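# Observations on chain architecture
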Amino acid sequence: MKIITDNAVYVQKNDIAYLNQIGLAIPASIKVFGNGIVIIDDSNRYEFVTFEAPEEIEFFKGTDWMINYNEVKDLSEEETIALGQSIIEERNNIAQRFNSMIPEERKENMNMVLQCGLLDFKMCSLEDFFWFKQGHIKMELPEGVDLPAGFKQEKGIRKLIKTIFNKRKN
């Protein structure tokens, strides 16, 4: 997921790792992991990396396979599901066109395989966002970024008290 502001773009480590893996042409400064080994797992995959250079901001603005937080944060549950369905439909249409080609055409259109992969990744990111909004996944948003509409995660003592009272009812 990416968050675009006036002065920066914040991108989750999970997206950057995928970006480095798929081999698209990207500005050299975006390869933030360098040559060292960086492990992306459930403990850090949702952390955001900040990009402030104009070419980095422009690059990320053009990556439509990354979920844009500002475009999804205020969607209702139904709207989020509809967006997910449209992503799946687009992916399936590309796959169907590719699968109907003869082998020579497939060789010339291998970018369609990449497009399907990018849409699969986008769908997984939308699912992560949906679970975040539901309170099932924890994510620290960058400072100054508002929580999404309908955010359900509760914090601290209030959550503890609710948990205790819910157990008493059962």
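For the structure, see preceding data.
First, a word on scope: everything that follows refers to the structure included in this document. Values in this document were obtained by computation on a predicted structure and should not be read as measured data. (Residues numbered from 1 in each chain as written. Predicted model: local features only at pLDDT ≥ 70, side-chain atom pairs only at ≥ 80, totals over all residues. Heavy atoms only, no water.)

Attention now moves to the packing of helix α4 (residues 77-99) against helix α6 (residues 111-134). It is the contact of α4 with α6, at a shortest axis distance of 9 Å, that shows an interaxial angle of 165°. Here α6 runs roughly antiparallel to α4, going by the angle between their axes. Once α4 is placed against α6, the crossing between them reads as left-handed. Residues Glu77, Thr80, Leu83, Gly84, Ile87, Ile88, Glu90, Arg91, Ile94, Ala95, Arg97 and Phe98 of α4 form the contact with α6, whose participating residues are Met112, Val113, Gln115, Cys116, Leu119, Asp120, Lys122, Met123, Leu126, Phe130 and Gln134. Here the contact of α4 with α6 is composed, by residue class, of 13 nonpolar, 4 polar and 6 charged. (Axes fitted to C-alpha atoms, helices over the stretch in contact; angles between N-to-C directions. Helix = DSSP H or I, 4+ residues; strand = E, 2+ residues; numbered from the N terminus. Parallel < 35°, antiparallel > 145°, perpendicular 65-115°, else oblique. Left-handed = near helix turned anticlockwise from the far one by under 90°. Contact = heavy atoms within 4.5 Å. Nonpolar A, V, L, I, M, F, W, Y, C, P; charged D, E, K, R; others polar.)

This paragraph deals with the side chain of Asp15. If you trace the backbone, Asp15 turns up in helix α1 (residues 13-22). Buried and unpaired, Asp15 has Lys2 as its nearest opposite-charge partner, separated by 8.5 Å. With near-sequence residues (within four places) excluded, Asp15 lies in contact with Met1, Trp65, Met66, Phe121 and Ser125. (Buried < 20%, exposed > 50% of the residue type's maximum accessible area, 1.4 Å probe, protein only. Lys, Arg positive; Asp, Glu negative; His and termini not counted. Salt bridge = Lys/Arg side-chain N within 4 Å of Asp/Glu carboxyl O.)

Let's shift gears to the sheet that holds strand β2 (residues 9-12). On the basis of which strands lie adjacent, the open sheet formed by 3 strands has the order β1-β2-β3 and antiparallel pairing. On the outer flanks of this sheet lie β1 (2-4) and β3 (48-51), each paired with one strand and no other. With strand direction ignored, the average angle separating the axes of adjacent strands in the sheet is 20°. By the bridge criterion, 3 bridges tie β1 to β2 in an arrangement that is antiparallel. When the bridges of β2 are listed, Ile4 appears paired with Val9. The strands that α1 touches are β2 and β3; relative to β2, the one it contacts most, it runs at about 80°. (Pairing = 2+ DSSP bridges.)

Tallied over the full model, the rule gives 5 salt bridges. The residue Glu47 makes a salt bridge to Lys13 at a minimum N-O spacing of 2.8 Å. One end of the pair, Glu47, is in the loop between α1 and β3; the other, Lys13, is in helix α1, and 34 residues separate them in sequence. Residue Arg45 pairs with Asp42 through a salt bridge whose shortest N-O separation is 2.9 Å.

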